[in-house]
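Here are the chains, one letter per residue:
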Amino acid sequence: MSPAVLIAVAIVLPPLLRIIYTSVHGPALSLTSYAEVVKSNLFRETLRTTFIIAGSASVLSLLLGFIVALHLARQPAQRRTALMVLVLLPFWTSILVKCFAFTIILGRDGIINSLLSWIFDTRIQLPLVLNRIGTLVGMTNYLIPLIVLPVLASLLAIDSTIYRAASIMGAKPARIFWTVTVPMSLPGVFAGLLSIFVMSLGTFIIPALLGGRRDQMLSNLVDFYNRQVLDWAKASSISIVLFGIAAAFIIPLILWRRRKA
Amino acid sequence: MSETIRDSHARRYRILGDALAVAVYLFLLAPILVTIPMAFGSTNALSFPPTSYSLDLFRIFFSSPSWLEPLFQSIEVALGATMVVMLTGVPAGYWIARHEFVGKALITGIIMSPIVIPTVVTGLGLYLYFSYLRINSTTLSLVLGHVAYTLPYVILMIMAGVHKLDRNLEFGAELMGAGLIRMFLTVVVPQLVPSLVSAALFAFLLSFDEVIISWFLTGSNTVTLPVRMFSALEWEVSPVIAAVSTFLTAVSLVVCIVAIRLKKWTPVDA
């Protein structure tokens, strides 16, 4: 059975080594492609866009996901199980289906614009897709189910007697929310936020289909160098940088979780 | 007096919370709620709600080779990948769960890495490696790529299943003289059936829906359904895509229901 472990390593490891090899193997063995990438404006712009989109989409998803998690946590167990389907169904829906739907919903003559045109009785064509708005809507829809699960777990872990104690002592709901619910769910919230942030750093499909030229992220840049420019050394260097950034955020999270366990 | 005031406060907060939650649920379900009615709409308009209902879009989907060939390609790749990933992932997961060996942390770290590595990076790595092996654009490269992608999930699910088993049964079988492979097949595997089935279903669905790795690995003869759909969405948004979307959603739904039935539902860590 240990051969199976070796086979598993043999399937996963060589592609990673190959990408490192390609990134340093231009005309000669060197780090020039990294230097060129880091110096280029296109890369810097894309890096900034990647952080901005990933950051704002994660925070937005946390806010909306927290509302859902709070609602689920308050339901009796059986009802919660039923309502969970509303979160799990989108979780299982293909990202392509979501992108297609949002081009229909947000398009120039899409559902939202038609609705607004009908309400105000003039032709309204707000640009809601192929720009930052479209990207963020798509990313948020994709990320919410992923943040609801860890946040819900940490909300359910809060001892209900603490709530009872707080309300016996006369705390109003808003006060209970800010002094009990929020601080006690913070570890789960933080872990969830970090993991959806790392996940959104590598998004490829959503900016490609719902974003405009200025919403392209590092993954799209990798694809651009691989498919259009045919410069595999640069495509590999950008990949390694992207991997490094993701690792820099995910490794502390893994270590923190292990220490807690 | 103060009691009733507090109660009305609490009620107002609860109603506000419920209303916000319903809005978010609707936002989450919007893609499904929009695509399904459209799939039954007419063939020439992308309007919602559809003005007339028919099965024409499904007829186009299931009769045009440009959609059918990718569909069969996806089924072939997903079946192949599921088979290979189960044959390696099940014994590997068992071994990692039950044994200590030199470099265990490093080796499991490598195997689990596709979960945290951005998929584009995995995709490019596989593409470069398969170019080097000269097997790019083949069905084999897609199968192997999907195995690398699904392996960590299968191993995690198998490890979780193995940790629930009573280890003494395995010791017992070995004491009675069963060899390692015989013990594994007659003692471990039968107890693991639920984990095996849900891991296989999960792997199949992951592979069937996978876009990014396939985008890097397909050639013109090995286009999978998601890649076909991705390039269709890049260039023209045609109404047939609504039917394809509904089909994909139905596949995920069926797999999901079977998996839930099998697992008898575990609430949060599902």
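This structure is a prediction, so every number in the text was calculated from the model and none was measured.

Reading the values: rules and limits
- Throughout, residues of each chain are indexed from 1 in the direction in which the sequence is written.
- Here the convention is simple: chains get letters from A, ligands get numbers from 1, in the order in which they are written.
- Restriction of local features to residues with pLDDT of at least 70 applies here, the model being predicted, together with a cutoff of 80 or more for giving and counting side-chain atom pairs; totals for whole chains, interfaces and linings are based on all residues.
- Side-chain measures were taken over the full set of non-hydrogen atoms in the model, leaving aside hydrogen atoms and water.
- Secondary structure elements follow DSSP: runs of H or I no shorter than four residues count as helices, runs of E no shorter than two count as strands, and numbering proceeds from the N terminus.
- Buried, partly exposed and exposed residues are distinguished by accessible area as a fraction of the type maximum, computed with a 1.4 Å probe on protein chains only: under 20%, between the cut-offs, and over 50%, respectively.
- Contacts are residue-level and defined by heavy atoms, with any inter-residue pair within 4.5 Å sufficient.
- Only the protein chains shown count as cover for residues, and the accessible areas themselves come from Shrake-Rupley with a 1.4 Å probe.
- His is not counted, nor are the chain ends, whereas Lys and Arg count as positive and Asp and Glu as negative.
- Charge positions are represented by NZ for Lys, CZ for Arg, CG for Asp and CD for Glu.
- Accessible area, probed at 1.4 Å, shrinks when two parts are joined; the buried area is that loss added up over both.
- Every case where a carboxyl oxygen of Asp or Glu lies within 4 Å of a side-chain nitrogen of Lys or Arg is listed as a salt bridge.
- The definition of a polar contact used here is a pair of N or O atoms within 3.5 Å, where within protein one atom must be able to donate a hydrogen and the other to accept one, and adjacent residues in sequence count solely through side-chain atom pairs.
- Three residue categories are used. Nonpolar comprises Ala, Val, Leu, Ile, Met, Phe, Trp, Tyr, Cys and Pro, charged comprises Asp, Glu, Lys and Arg, and polar comprises the others, including Gly.
- Note on ring pairs: Phe, Tyr and Trp rings are taken, using the six-membered ring of Trp, and paired if centres are within 6.5 Å. Classes follow the plane angle, with under 30 degrees stacked, over 60 edge-to-face and the rest tilted.
- Here, a charge over a ring means that NZ of Lys or CZ of Arg falls within 6 Å of the ring centre while also lying within 35 degrees of the ring normal.
- Helix axes use the C-alpha atoms of the stretch in contact, all axes being lines fitted to C-alpha atoms, and the angles between their N-to-C directions lie in the range 0 to 180 degrees.
- Should an angle fall under 35 degrees it is taken as roughly parallel, and over 145 as roughly antiparallel, whereas 65 to 115 is taken as roughly perpendicular and any remaining angle as oblique.
- Each crossing is labelled by how the near helix is turned from the far one, with a counterclockwise turn of less than a right angle marking it left-handed and a clockwise turn marking it right-handed.

(A) Representation of the overall build of chain A within the structure. Counting secondary structure elements, chain A contains 12 helices and 0 strands. Across chain A, helices and strands are ordered from the amino to the carboxyl terminus as α-α-α-α-α-α-α-α-α-α-α-α. Its C-alpha atoms give chain A principal-axis dimensions of about 75 × 65 × 35 Å. Within chain A, buried positions represent 51% of all 261 residues. Long-range contacts, defined as pairs at least 24 residues apart, comprise 70% of the intrachain contacts of chain A with a sequence gap of at least 6. Counting only carbon and sulfur atoms, one obtains 68% of the accessible surface of chain A, whose full area is about 12600 Å².

(B) Representation of the overall build of chain B. For chain B, the helix and strand inventory stands at 11 helices and 0 strands. Across chain B, every contact between residues at least 6 apart in sequence was considered, and the portion connecting residues at least 24 apart equals 70%. Of the roughly 12800 Å² of accessible surface on chain B, a fraction of 68% belongs to carbon and sulfur atoms. When the 15 positive and 15 negative side-chain charges of chain B are each reduced to one mean point, those points stand 7 Å apart.

(C) Focus on the interface of chain A and chain B. Contact residues are listed per partner, giving 76 residues for chain A and 77 residues for chain B. Interface area, chain A with chain B, both sides summed: about 6900 Å², of which 84% is carbon and sulfur. The interface formed by chain A and chain B holds 0 salt bridges in total. In this assembly, chain A and chain B are joined by 5 residue pairs in polar contact (both at pLDDT 80 or more). Here the element with the most residues in the side of chain A that touches chain B is helix 1 (residues 2-24) of chain A; it accounts for 15 residues. Tallied by class, residues from the side of chain A that touches chain B come to 55 nonpolar, 15 polar and 6 charged.

(D) Local environment of helix 7 (residues 167-175) of chain B. Two or three places before B:Asn168, at the start of helix 7 of chain B, stands the capping residue B:Asp166, its side-chain oxygen 3.0 Å from that residue's backbone nitrogen. A positive backbone phi angle near 100 degrees is found at B:Gly177, which sits one or two residues after helix 7 of chain B.

(E) Molecular detail of the packing of aromatic side chains. Tallying each qualifying case throughout the model produces 22 aromatic pairs over all chains. Residues A:Phe51 and A:Phe249 carry aromatic rings whose centres are separated by 6.4 Å and whose planes lie at 55 degrees to one another, so their mutual orientation is tilted. Of the two residues, A:Phe51 sits in helix 3 (residues 41-74) while A:Phe249 sits in helix 12 (residues 232-260), which places them 198 residues apart along the sequence. Given the relative accessible area of 32%, A:Phe51 is considered partly exposed. With relative accessibility at 27%, the residue A:Phe249 sits in the partly exposed group. Seen in terms of ring centroids, B:Phe62 and B:Phe247 are 5.8 Å apart; in terms of plane orientation they differ by 80 degrees. Their pairing is edge-to-face. Of the two residues, B:Phe62 sits in helix 2 (residues 56-63) while B:Phe247 sits in helix 11 (residues 240-263), which places them 185 residues apart along the sequence. Given a relative accessible area of 37%, B:Phe62 falls into the partly exposed group. Of the aromatic side chains, those joined through ring pairs into one cluster are A:Phe91, A:Trp92, B:Tyr149, B:Tyr153 and B:Phe202. Looking at A:Arg227, its charged tip hangs above the ring of B:Trp215, at a distance of 3.9 Å from the centre. The ring of B:Trp67 has B:Arg228 lying over it, and the distance from NZ or CZ to the ring centre is 4.2 Å.

(F) Summary view of helix 11 (residues 218-229) of chain A. By the burial criterion, the buried members of helix 11 of chain A are A:Leu218, A:Ser219, A:Asn220, A:Leu221, A:Val222, A:Asp223, A:Tyr225 and A:Asn226. Buried residues belonging to helix 11 of chain A abut helix 3, helix 9 (173-201), helix 10 (205-210) and helix 12 of chain A together with helix 5 (119-132) and helix 9 (212-217) of chain B. Directly after helix 11 of chain A, the chain includes A:Leu230, whose backbone phi takes a positive value near 60 degrees.

(G) Main features of the packing of helix 6 (residues 139-163) of chain B against helix 8 (residues 180-209) of chain B. All names here are of chain B. Direction vectors running N to C along helix 6 and helix 8 enclose 160 degrees, while the axes themselves pass 9 Å from each other. Put simply, helix 6 runs roughly antiparallel to helix 8. The way helix 6 lies across helix 8 gives a crossing that is right-handed. Between helix 6 and helix 8, the residues in contact are His146, Tyr149, Thr150, Tyr153, Val154, Met157, Ile158, Gly161 and Val162 and Leu192, Ser195, Leu196, Ser198, Ala199, Phe202, Ala203, Leu206 and Ser207, respectively. Here the contact of helix 6 with helix 8 is composed, by residue class, of 12 nonpolar, 6 polar and no charged.

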